[in-house]
Amino acid sequence: MKLQKCNVCMHQFGWKKTYKSVFFKGWEMQCSKCETHYVLDLRSKWIFYFTPSLVIIALNNLFSFDFYITLFGTFFSLILISFLFPYVMKFSPDI
Ligand SMILES: [Zn+2]
């Protein structure tokens, strides 16, 4: 798993920067070196919506015996999975 590099200047985006862009900055990112503007590509947007839904469905079936364990398990799984998002998400240059 690798973090994405800028298509223009090959500068590698940091994990923190990518994470912030995915969750707090409206799926937009700017290369800190050459200032190319990036937006999240369509495939990544699908991953963003579908991964949590799948996790919730899977865990609800797995832990269906206890509501609080399910809630807790789902919550923590989502947080753990979100840490992997910067490796999976791809941004494309916004022209
Ligand atoms: Zn760049």
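All figures in this text were calculated on a predicted structure; none of them were measured in a lab. (Residues numbered from 1 in each chain as written. Predicted model: local features only at pLDDT ≥ 70, side-chain atom pairs only at ≥ 80, totals over all residues.)

## As for the packing of helix α2 (residues 42-62) against helix α3 (residues 67-88)
Packed helices, taken two at a time, are described by the angle between their axes plus the distance between the axes.
Right, so step 1: Close contact between α2 and α3 brings their axes to 10 Å; oriented N to C, the two are set at 150°. With respect to α3, the element α2 is oriented roughly antiparallel. Relative to α3, α2 is oriented so that their crossing is right-handed. Along the contact surface, α2 presents Ile47, Thr51, Pro52, Val55, Ile56, Leu59 and Asn60, while α3 presents Thr70, Gly73, Thr74, Ser77, Leu78, Ile81 and Val88.
Right, so step 2: Class assignment of the residues belonging to the contact of α2 with α3 gives a composition of 8 nonpolar, 6 polar and no charged. (Axes fitted to C-alpha atoms, helices over the stretch in contact; angles between N-to-C directions. Helix = DSSP H or I, 4+ residues; strand = E, 2+ residues; numbered from the N terminus. Parallel < 35°, antiparallel > 145°, perpendicular 65-115°, else oblique. Left-handed = near helix turned anticlockwise from the far one by under 90°. Contact = placed C-beta atoms within 7 Å. Nonpolar A, V, L, I, M, F, W, Y, C, P; charged D, E, K, R; others polar.)

## Considering the UniProt feature "transmembrane region" (unreviewed entry) in the chain
Right, so step 1: Cross-referencing UniProt, the feature "transmembrane region" (unreviewed entry) maps to residues 46-63 and 69-89 in the present numbering.
Right, so step 2: Along residues 69-89, the helical share is 95% and the strand share 0%, with 29 Å between the first and last C-alpha atoms. (UniProt positions renumbered as here; feature names shortened; annotations may be inferred.)

## Points about α3
Right, so step 1: The end-to-end C-alpha separation of α3 is 30 Å, in line with the 32 Å expected for 22 residues at 1.5 Å each.
Right, so step 2: Along α3, the largest kink reaches about 30° and is centred on serine 82; proline proline 86 follows within four residues of it. (Expected span 1.5 Å × (residues − 1). Bend = angle between axes of the 7 residues up to and from the residue.)

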